[in-house]
Amino acid sequence: MRDISTQTYYVFIVDDDDAVRDGLGQVMEVAGFNYQTFESAEHFLQAYCPGKNGCLVLDLNMPDMTGDELQTELIRRDIHLPIIFLTGYGDIPTTVRVIKAGAVDFLTKPVSSKLLIERVRDVLEQEARKNEDSLLAHQALCRRLSGLTTRESEVMSLVVTGHSNKEIARQLGISHRTVEVHRARVMEKTGATSLLELARLCETCRLTPENTLPSEPE
């Protein structure tokens, strides 16, 4: 099994009870996890930086915005932090609802430190593994583009922005036939089977006409 590091991951604790927050924070600190505590769902939403890796240890019954309402809002904002619900007042319908919405666990207070640490560690390791796999897949996609010549990259950028072969030839000062050759080579080297797939590949690797290299002589 790969050695997966979770050192850059955070446990975000959201609970309106001061004593519970302090106690959970101590548990996370002893376990060696990075953590942050928040007194309300609103406070968390104001402070959280999208893209920061970790998981939520989330109280369910809180004033103003409840834990399941925060879950709904995160989904609406396209923020996909794994959530471990921790509550003293759980019921079966609520448990089913939040699990169906994507929560990874639903624990009842009081929970043993050992169990909570195990669940948090499992979740963080799964997140780290998923993100590493995603990075490797992204790098593999971008390697398809790294094999293109400068001219092929220019042609590709113009193709995916909707320019015709005739327009590309005129803009680059090359023949229509040369554009066709470069275009065919782009499709072959990238493995794209359609212009839509090629455009998605460029978007994934953040390749745009503005960041292609200047043209080299033919």
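For the structure, check the block above.
Residues numbered from 1 in each chain as written. Predicted model: local features only at pLDDT ≥ 70, side-chain atom pairs only at ≥ 80, totals over all residues. Heavy atoms only, no water.

A. Local environment of the pairing of strand 2 (residues 34–38). Across 5 bridges, the pairing between strand 1 (residues 10–14) and strand 2 is parallel. Across the sheet, the residue bridging to Ile-13 is Thr-37, located in strand 2. As a crossover connection, the stretch from strand 1 through helix 1 (residues 18–31) into strand 2 is right-handed. (Pairing = 2+ DSSP bridges. Helix = DSSP H or I, 4+ residues; strand = E, 2+ residues; numbered from the N terminus. Right-handed = clockwise from strand over helix to strand, strands pointing away.)

B. Highlighting the sheet that holds strand 4 (residues 83–87). One open sheet accounts for 5 strands, arranged 2-1-3-4-5; its pairing is parallel. Bordering the open sheet on either side are strand 2 and strand 5 (105–108), each of which pairs with just one other strand. Strand after strand, the sheet turns through a mean of 20° between neighbouring axes, direction not considered. With 4 bridges joining them, strand 3 (residues 54–59) and strand 4 adopt parallel strand pairing. Counterpart to Leu-58 in the pairing with strand 4 is Phe-85. Sitting on the sheet, helix 5 (residues 113–146) touches strand 1, strand 3, strand 4 and strand 5, and the angle it makes with strand 3 is about 140°. (Axes fitted to C-alpha atoms, helices over the stretch in contact; angles between N-to-C directions. Contact = heavy atoms within 4.5 Å.)

C. Inspection of the packing of aromatic side chains at higher detail. All told, the structure shown has 7 aromatic pairs when counted by the stated rule. The rings of Tyr-10, Phe-12, Phe-38, Phe-44 and Tyr-48 are connected pair by pair, giving a single aromatic cluster. (Phe/Tyr/Trp six-rings, centres within 6.5 Å; stacked < 30°, edge-to-face > 60°.)

D. Helix 3 (residues 67–76), seen in detail. Considered for burial, the residues of helix 3 that qualify are Gly-67, Asp-68, Leu-70, Gln-71, Glu-73 and Leu-74. Elements that come into contact with the buried residues of helix 3 comprise helix 2 (41–47), strand 3, strand 4 and helix 4 (92–100). Phi for Asp-78, located one or two positions after helix 3, is positive at around 60°. (Buried < 20%, exposed > 50% of the residue type's maximum accessible area, 1.4 Å probe, protein only.)

E. Structural context of the pattern of salt bridges. For the coordinates displayed, the defined rule picks out 13 salt bridges. Taking the shortest distance from any N to any O, the salt bridge between Lys-130 and Glu-127 comes out at 3.0 Å. You can see Lys-130 and its partner Glu-127 sitting in helix 5, 3 residues apart, about one turn around the helix. The exposure class of Lys-130 is partly exposed, given its relative accessible area of 44%. Here Arg-177 makes a salt bridge to Glu-180, at a shortest N to O gap of 3.4 Å. Here Arg-177 and its partner Glu-180 are both found in helix 8 (residues 176–190), 3 residues apart, which amounts to about one turn of the helix. (Salt bridge = Lys/Arg side-chain N within 4 Å of Asp/Glu carboxyl O.)

Structural measurements only, silent on function.
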